[in-house]
Amino acid sequence: MAADGYSALHEFWLNLRAIPNHVYRAMFRGGPPKTDRTRSSFIFGNVFLHLHSVRTHLWSLRWSTTMGLGIMTTAAFLITLITGILLMFYYKPYPDVAYQSIKDIHFIVPTGRFMRNIHRWAANVMVIAVILHMARAFYTASYRKPREFNWFIGWGLLVTTLGLSFTGYLLPWDQLAYWAITIGANIAQSPREITDALGITAWADIGGLQREILLGSDKVGEEALIRFYLLHVMILPLALVMLMAVHFWRIRKDGGLAKPANADELVAEEAKEFYPVFTDAPTKTYHLAAVVKGKTAAVGSGPEHTVPSMPHLFYAELGVLMLTTLICVALAFVSDAPLKELANPLVPENPAKAPWYFLGLQEIVSFSAFMGGIGIPMLCVIGLGLIPFLDREKEGTGSWFGGPGGWKLVKWSVVVGFAASIGVEAFAIHFGWLREWFPDIPQLLITFINPGTVLTAIYAVYSIWAVRRYNSTRAGALALFTCFLCGFIVLTVIGTYFRGPNWDFFWSPSDWGGH
């Protein structure tokens, strides 16, 4: 019997009409997010948004605090993921048909070229954004306690992002992709420079093992393509999603974004329009569940100078997502993803260049395969990974270029970083290096005394000077990081625009001539 005297048929009709409202209430139990309590429920009850804190400090919402770089990286990943799934409907990961499937996407599939363009540009935007995001975290000392572990997670995200972009480079199976991956595989094989010089390659071929793990063979072929495809579409995206989830969760558990000690004073004027802090009287009380030792990052911080994450933070994130989408779409309209002729192992590209983010390494590799491909990158990774544990200072946390030396030190470091890298490169290009001067010189000397190691030594000496000058580990870190960033830019620009056939230096591609 239907309730309230209605017939069962009439009750069924009323339930049918009420379905949209019931579905909405089942999805959003707290109702429209119009009060602080319902906004909090909106955050708590959403599987994606619950990684956010319920309230966000006004300092964290300032554009100058983060420039939206973390959200831009996430947005670029989402765009890459969506367009990548669309491309998977048509792509075939086999050498004999991979190139043809890309041509079909490019010339036959409706909007296929546009989707591929967006996919390519979103991947590049993601690489640039994650590098800048890492730089922002470093320059604001956001790696300090209690955020040391999240700095490690950020490094994992950077490496995974580079791996994701690198593995996708081979999939078109054209000349550009084939020989770029060949360069990358040769970099992985670079330890042979040491083992060959020591005469132990036959017993300990570390470089050959790394190359075989990367390619699944001793050459770029069918095994490499299917391996790169699997890494690109499943393994690395899953790893990236897990790392991102932990990264966002740790931001919340570590007390939000790093803020300067006087952040409340800096946003005091902005905060006046948001008082009173709570608009709903609480209807629930809490009791002490246990007495434990220690405290969380949230202890001692109140709701003052904060606003509900919904809608303020949520809208800001949507704005960055829209901006990132606009950038990727605009670039996709004006620049097509490259597609050269079918890969031919018998006709090498000259010059054969790695992806742009590895061209700085390739420039150093041209002097020493081991130091450029393994030695110096490992020093950078280990050094930056240890920074949270070497810099235990507190001054300047949360502020741009905070700490002893500050902006003045960073400016001088930019000068030193650019001058040293340009000077060392100019000398090596114009005068050559030890092998040109002494043809019979032992290879081990070339390995450890080359433009890359000389440049690294100059940066290290300058960093030690900064530590002694300001009596601060943070000052040394600022100097070293800035120098390496400038060196990365110089080496990448040289490798991209000024290296031609046989990796010779040219002022313009028009000077290349026939080769």
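I will try to describe carefully the structure that is included in this document. Predicted model, so just to flag it, every value in this text is computed and none were measured.

Within the chain, the regular secondary structure consists of 23 helices and two strands. Along the longest, intermediate and shortest principal axes, the C-alpha atoms of the chain span 100 × 65 × 45 Å. Counting across all 515 residues of the chain, residues that qualify as buried make up 45%. Put simply, of all contacts in the chain between residues at least 6 apart along the chain, 78% involve residues at least 24 apart. Counting every atom, the chain has about 27900 Å² of accessible surface; 68% of that belongs to carbon and sulfur. In the chain, 40 positive and 35 negative side-chain charges are present, and the distance between their average locations comes to 9 Å.

The subject of this paragraph is the packing of aromatic side chains. Throughout the structure, instances matching the rule amount to 28 aromatic pairs. Pairing Tyr357 with Phe358 gives two aromatic rings, centres 5.0 Å apart and planes at 70°, and the pair type is edge-to-face. Seen from their ring centres, Tyr459 and Phe484 are 5.3 Å apart, and the 70° between their planes marks the pair as edge-to-face. With a gap of 25 residues between them, Tyr459 in helix α22 (residues 451-470) and Phe484 in helix α23 (residues 473-498) connect regions that are remote in the sequence. Members of the aromatic cluster, connected to one another through ring pairs, are Phe138, Tyr139, Tyr143, Trp151, Trp155, Trp400, Phe401, Trp407 and Phe481. Residue placement shows Arg469 over the ring face of Tyr470; its charged tip is 4.8 Å from the ring centre. The positively charged end of Arg474 is found above the aromatic ring belonging to Phe138, 5.2 Å away from the centroid.

Turning our eyes to something else, we now look at the packing of helix α7 (residues 95-107) against helix α8 (residues 112-139). Their axes nearest at 5 Å, the elements α7 and α8 cross at an angle of 105°. By the angle between their directions, the pair α7 and α8 is classed as roughly perpendicular. Where α7 abuts α8, its residues Ile102, Ile105, His106 and Phe107 lie against Gly112, Arg113 and Arg116. The residue makeup of the contact of α7 with α8, split by class, is three nonpolar, two polar and two charged.

The subject of this paragraph is the pattern of salt bridges. Tallied over the entire structure, the rule returns seven salt bridges. As a salt-bridge pair, Arg250 and Asp254 come within 3.5 Å of each other at their nearest N and O atoms. Neither residue differs from the other here; Arg250 and Asp254 are each classed as buried. Here Lys340 and Glu349 are joined by a salt bridge, their closest N and O atoms 2.7 Å apart.

So, about unusual backbone geometry. With an omega of 10°, the peptide bond running from Lys145 to Pro146 counts as cis. Tracing the chain through its elements places Pro146 in the loop between α8 and α9 (148-168). A cis amide bond, omega 10°, links Asn350 with the succeeding residue Pro351. Although it is not a glycine, Phe401 sits at a positive phi angle of roughly 55°. Examined against the element boundaries, Phe401 turns out to sit in the loop between α18 (369-390) and α19 (406-431).

Core analysis: the biggest nonpolar cluster contains 77 residues, and Tyr91, Phe138, Leu170, Trp173 and Val220 have the highest contact counts within it. A per-element tally of this core places α8 first, with 14 residues. Other than its neighbours up to four places away in sequence, Leu170 contacts Ala177, Tyr178, Ile181, Val220, Ala224, Leu225 and Phe228.

Okay, the side chain of Thr397 next. Examined against the element boundaries, Thr397 turns out to sit in the loop between α18 and α19. For Thr397, the side chain forms a polar contact with the main-chain oxygen of Lys394, separated by 2.9 Å. Those residues in contact with Thr397, other than ones at most four positions away along the chain, are Thr140, Ala141, Arg144, Ala258, Lys259 and Pro260.

Turning our eyes to something else, we now look at the side chain of Thr83. Here Thr83 is to be found in helix α6 (residues 69-88). According to the relative accessible area criterion, Thr83 is buried, its value standing at 4%. Engagement of the side chain of Thr83 in a polar contact is seen with the backbone oxygen of Thr80, the distance being 3.2 Å. Looking at Thr83, its side chain comes within polar contact range of the side chain of His119, at 3.0 Å. Contact partners of Thr83, with chain neighbours within four places excluded, come to Met115, Ile118 and His119.

The next subject is the environment of Thr492. Here Thr492 is to be found in helix α23. In sequence terms Thr492 and Leu359 are 133 residues apart; their C-alpha atoms lie 5.2 Å from each other. Every residue in contact with Thr492, bar those within four places of it in the chain, is listed here: Trp356, Leu359 and Gly360. A polar side-chain atom of Thr492 sits 2.7 Å from the main-chain carbonyl oxygen of Phe488.

Right, let's get into a nonpolar patch on the surface. Residues Phe149, Phe152, Val246, Trp249, Met378, Ile382, Leu386, Phe389 and Leu390 make up a contiguous nonpolar surface patch of about 830 Å² in total accessible area. Breaking the nonpolar patch down by element, the ones donating at least two residues are α9, α13 (222-253) and α18. Of all the elements, α18 adds the most residues to the nonpolar patch, at five residues. Position of Val246 relative to the elements: it lies in helix α13.

Note that Leu318 resides in helix α16 (residues 309-334). Leu318 gets classed as partly exposed once you look at its relative accessible area, which sits at 35%. Sequence separation between Leu318 and Leu445 is 127 residues, and the spatial gap between their C-alpha atoms is 54 Å.

Reading guide: rules and limits
Residues numbered from 1 in each chain as written. Predicted model: local features only at pLDDT ≥ 70, side-chain atom pairs only at ≥ 80, totals over all residues. Heavy atoms only, no water. Helix = DSSP H or I, 4+ residues; strand = E, 2+ residues; numbered from the N terminus. Buried < 20%, exposed > 50% of the residue type's maximum accessible area, 1.4 Å probe, protein only. Contact = heavy atoms within 4.5 Å. Areas by Shrake-Rupley, 256 points an atom, 1.4 Å probe, with all protein chains shown as cover. Lys, Arg positive; Asp, Glu negative; His and termini not counted. Charge placed at Lys NZ, Arg CZ, Asp CG, Glu CD. Phe/Tyr/Trp six-rings, centres within 6.5 Å; stacked < 30°, edge-to-face > 60°. Lys NZ or Arg CZ within 6 Å of the ring centre and 35° of its normal. Axes fitted to C-alpha atoms, helices over the stretch in contact; angles between N-to-C directions. Parallel < 35°, antiparallel > 145°, perpendicular 65-115°, else oblique. Nonpolar A, V, L, I, M, F, W, Y, C, P; charged D, E, K, R; others polar. Salt bridge = Lys/Arg side-chain N within 4 Å of Asp/Glu carboxyl O. Core = buried A, V, L, I, M, F, W, Y, C linked by side-chain atoms within 4.5 Å. Polar contact = N/O pair within 3.5 Å; in protein donor to acceptor, adjacent residues only side chain to side chain. Patch = residues over 30% accessible without salt bridge, like charges linked within 9 Å, V, L, I, M, F, W, Y side chains within 5 Å.

Functional significance is not addressed by these values, which are geometric in nature.
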